[in-house]
Amino acid sequence: DDYEELTFLINFLNANETFIDIGANHGNYALISSGVVGARTIAVEPVASTYNRLKMNLNLNNLRNVIPKNIGLSNKTGKLKISNDKGELNRIIDNACNPNYEDIDVTTLDRLLINEKNVTMIKIDVEGYEKQVLEGATKTLKRKKLNVIQIELNNSNQHYGYEEDEILMIL
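Undergrad: Looking at this structure, I do not really get the pattern of salt bridges. What am I missing?
TA: Oppositely charged side chains may form a pair once their charged atoms are brought near each other. Taken as a whole and judged by the stated rule, the model has seven salt bridges. Among the salt bridges present, the one from Lys81 reaches Asp103, with a minimum N-O distance of 3.0 Å. In this pair, Lys81 is assigned in strand E5 (residues 78–83) and Asp103 in strand E7 (residues 101–107), connecting sequence segments 22 residues apart. Here Lys131 and Glu166 are joined by a salt bridge, their closest N and O atoms 2.6 Å apart. Taken together, the residues span a long stretch of sequence, with Lys131 in helix H5 (residues 130–135) and Glu166 in helix H7 (residues 164–170) at a distance of 35 residues. By relative accessible area, which is 29% here, Glu166 ends up partly exposed. Salt bridges sharing common partners tie together Lys131, Glu135 and Glu166.

What follows is the structure, given as structure tokens:
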């Protein structure tokens, strides 16, 4: 169901560039960005079991130009809770009413990319947590080389009490 986005990725991204996959899941985008295009990819996936599957897929496909990061992104560094029983729909939770969660370390995108010089494209698919990711990316968003930010918006922002317009205002 990401056919158009992946086709765009193939046509836009070049082998000498860096692609950031935030909410990498099992690594479909990394397989295309690094395996097909040959770009360097930083794949961010906070849920431990999903991250392990991501690493397995990278190894199976012999992708050495992907840097997997088992961390979450937010507007500050610290620790958060994330559900771990909802597959692609895992999300940051603020209480432990869901017994299926894990504690994760979080950082900002600006900190994560502090030494990255050639980031041209970022994909963000974080189930409603986009605003917090972007709030931690003020320096990153000002980069001249950054040409594309692909964000999945599907009203899941309502879980965090903000409107999609707030994302568009940041961008």
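Undergrad: What am I meant to see in the layout of surface pockets here?
TA: Summary: where empty space remains is shown by rolling a probe the size of a single water molecule over the atoms. Its volume calculated, the largest pocket comes out at about 730 Å³. In terms of lining, the largest pocket is formed by 37 residues, of which the most central are Gly23, Asn25, Glu88, Asp125 and Glu127. Residue assignment for the lining of the largest pocket shows that the elements contributing at least two residues are helix H2 (28–36), strand E4 (72–73), strand E8 (119–124) and strand E9 (148–151). Looking at the lining of the largest pocket, its residues break down into 16 nonpolar, 11 polar and 10 charged.

Undergrad: How should the nonpolar core be read in this particular structure?
TA: Within soluble globular proteins, side chains that are nonpolar generally end up buried alongside one another. Membership of the largest hydrophobic core comes to 26 residues, with the highest contact counts inside it found for Ile20, Ile22, Leu109, Ile122 and Ile124. Considering every element that reaches this core, the biggest residue donor is E8, with three residues. Not counting residues within four places of it along the chain, the set of residues in contact with Ile22 comprises Val44, Leu73, Leu109, Ile122, Lys123, Ile124, Asp125, Val126 and Val133. The next biggest cluster of nonpolar side chains, apart from the first, holds 10 residues, and it includes Leu6, Leu9, Met121 and Val148.

Undergrad: Explain the side chain of Gln132 here, please?
TA: Structurally, the position occupied by Gln132 is in helix H5. Of the residues examined, Gln132 reaches a relative accessible area of 12% and is grouped as buried. Apart from residues lying up to four places away in sequence, Gln132 is in contact with Ser74, Asn75, Tyr160 and Tyr162.

Conventions used here
- Residues numbered from 1 in each chain as written.
- Predicted model: local features only at pLDDT ≥ 70, side-chain atom pairs only at ≥ 80, totals over all residues.
- Heavy atoms only, no water.
- Salt bridge = Lys/Arg side-chain N within 4 Å of Asp/Glu carboxyl O.
- Helix = DSSP H or I, 4+ residues; strand = E, 2+ residues; numbered from the N terminus.
- Buried < 20%, exposed > 50% of the residue type's maximum accessible area, 1.4 Å probe, protein only.
- 1 Å grid on protein atoms, 1.4 Å probe; cavity = no way out; pocket = protein on both sides within 12 Å on 5 of 7 lines; lining within 4 Å.
- Points joined across faces, edges and corners; volume = space filled by probe spheres on them.
- Nonpolar A, V, L, I, M, F, W, Y, C, P; charged D, E, K, R; others polar.
- Core = buried A, V, L, I, M, F, W, Y, C linked by side-chain atoms within 4.5 Å.
- Contact = heavy atoms within 4.5 Å.

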